[in-house]
Amino acid sequence: MRYGKMKKIMVTGGAGFLGSHLCERLLAQGHEVLCVDNFFTGTRRNIAHLTANPNFELLRHDITHPLYVEVDEIYNLACPASPVHYQFDPVQTTKTSVHGAINVLGLAKRLRAKVLQASTSEVYGDPEVHPQTEAYWGRVNPIGYRACYDEGKRCAETLFFDYHRQHGLQIKVVRIFNTYGPRMHPNDGRVVSNFLVQALKNDDITIYGDGSQTRAFCYVDDLIEGFLRLMATGPDFTGPVNIGNPKEFTMNELAHQIIELTGSRSKIVYRGLPPDDPKQRRPDITLARDKLQWQPTVELREGLSRTAKYFEDFLREEASR
Ligand code: NAD
Ligand code: UDP
Ligand code: UDP
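First things first, this report covers the structure right here in the doc. On a predicted model such as this, the values are computed, not experimentally measured, just so you know.

1. Brief notes about the overall build of the chain
Stage number 1. Counting secondary structure elements, the chain contains 10 helices and 13 strands.
Stage number 2. On C-alpha atoms alone, the chain measures out to a radius of gyration of 19 Å, which is about the 20 Å that the 2.2 N^0.38 rule sets for 321 residues.
Stage number 3. The principal-axis extent of the C-alpha atoms belonging to the chain is close to 55 × 45 × 40 Å.
Stage number 4. Expressed as a percentage of the 321 residues in the chain, the buried residues total 47%.
Stage number 5. Intrachain contacts of the chain at a sequence separation of at least 6 include 80% that bridge at least 24 residues.

2. Focus: the pairing of strand β8 (residues 205–208)
Stage number 1. Only one face of β8 is buried, namely the one carrying I205 and I207, since none of T206 and Y208 on the opposite face is buried.
Stage number 2. The sheet contact formed by β8 and strand β13 (residues 268–271) spans four bridges and is parallel. Across the sheet, residue Y208 finds its bridge partner in β13, namely R271.

3. A short note on the site of ligand 1
Stage number 1. For ligand 1, the set of nearby residues contains 29 residues, the closest of which are G13, G16, L18, T41 and G42.
Stage number 2. Listing elements by their share of the shell around ligand 1, those giving two or more residues are α1 (17–28), α4 (90–111) and β5 (114–120).
Stage number 3. When residues in the shell around ligand 1 are grouped by element, the largest group, three residues, is from α1.

4. Quick notes on the site of ligand 3
Stage number 1. Every one of the 16 residues lining ligand 3 counts as a neighbour, but R190, V191, N194, T206 and Y208 are closest to it.
Stage number 2. Residue assignment for the shell around ligand 3 shows that the elements contributing at least two residues are α6 (191–200) and β8.
Stage number 3. The dominant element in the shell around ligand 3, judged by the number of residues it contributes, is β8, at three residues.
Stage number 4. For the shell around ligand 3, a count of residues per class yields seven nonpolar, six polar and three charged.

5. Section: helix α8 (residues 251–262)
Stage number 1. If you check α8, its first and last C-alpha atoms are 16 Å apart, about what 12 residues at 1.5 Å a residue would give, namely 16 Å.
Stage number 2. Where α8 is concerned, the buried positions are M251, L254, A255, I258 and T262. Buried residues in α8, looked at end-on, bunch into an arc of 100 degrees, giving them a common side.
Stage number 3. The inward-facing, buried residues of α8 abut α6, β8, β12 (248–250), β13 and α10 (300–320).
Stage number 4. A positive backbone phi angle near 60 degrees is found at G263, which sits one or two residues after α8.

Here is what the cut-offs are and how they apply
- Residues numbered from 1 in each chain as written.
- Chains lettered and ligands numbered in written order.
- Predicted model: local features only at pLDDT ≥ 70, side-chain atom pairs only at ≥ 80, totals over all residues.
- Helix = DSSP H or I, 4+ residues; strand = E, 2+ residues; numbered from the N terminus.
- Rg over C-alpha atoms; globule rule 2.2 N^0.38 Å.
- Buried ≥ 20, exposed ≤ 12 C-beta atoms within 10 Å, placed from the backbone.
- Contact = placed C-beta atoms within 7 Å.
- Pairing = 2+ DSSP bridges.
- Near = placed C-beta within 6 Å.
- Nonpolar A, V, L, I, M, F, W, Y, C, P; charged D, E, K, R; others polar.
- Expected span 1.5 Å × (residues − 1).
- Arc of directions from axis to C-beta.

Fair warning: the whole summary comes from geometry, so function is off the table for now.
And the structure:
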């Protein structure tokens, strides 16, 4: 599917998990892509297959600092996304979301460029409304360990809507729910990468808490399709719009499914639940269905098997180094 004429498109965080898939899709559509990344959690390996493409350009840059380039559209994905990474330097995490948004919005304002913000289901915090619709304002602990990420992303949304109202900027805000797939970090502590790597190594599978907490997992290709459809909407549609898979699983179910899929000899062990860990999370995607005609197409089993293949190759490569 093509989405309008060819453009010069900036992707911040383009060397990360989601960003690298987005760059790949945009290049495949014939666009020019400027990937901006400071390599905090992103890697050259993620974009190595793109660098030979003459339409791909890489700029090593930290988006907390101003940036003067010429582009038609911007996807703002730069921000560490897993708790292990965003809690490593929480002040920098907030700066990346807030100063990063200001710089990206200032750039978009100068260029009159359309700009998309990768927000998160974490803006709903530990929700009392289930499933979460975009109308829900959320329940975030503003002084907790997750706040640097959650409140940073909430403030970025505020900035996007204020630039829209105050300066007439064309904005698109997507609230991403848990997404998985190839090029996830093998040791970023997220549940899908942890369980898959543990299963492939026949190590113990670590369930935090009693494993009854739920999440809903979206395969990366489905998510990127949602991004492209959102960016292609007219100026009246800003979002925020939830993009995620509404099929909900407990962590116990996920662990069993991964053991079965990989034929692993791993045992399940139970560990303490991290502070402020949301009990349940599932997107209501009515808005995405209505406005973007979008819904996920890849089943968890299929997505996990593609991701397992990626980790298998990754672990083999690592072992041979
Ligand atoms: P990731 O860590 O793989 O990618 C983030 C990228 O941003 C990395 O390449 C990193 O080096 C770069 N980055 C971080 N700080 C930067 C800075 N100051 N300047 C320039 N680059 C910087 O994470 P991801 O899973 O690909 O997430 C991408 C975006 O999507 C993030 O904004 C994240 O908050 C959001 N998101 C992801 C998920 C998910 O399930 N993966 C869920 C909700 C939201
Ligand atoms: N900015 C940028 N690139 C540009 C234009 C602006 O990085 O092409 C940054 C710059 O740091 C500025 C911020 O975006 O401070 C916000 O820009 P805006 O025009 O909203 O505000 P001001 O320039 O008045 O601070
Ligand atoms: N989790 C787990 N074992 C792990 C890693 C995570 O049981 O090895 C749990 C975690 O406590 C949370 C869920 O899995 O309840 C999803 O965690 P993740 O960090 O992937 O995403 P988030 O909490 O940000 O939704």
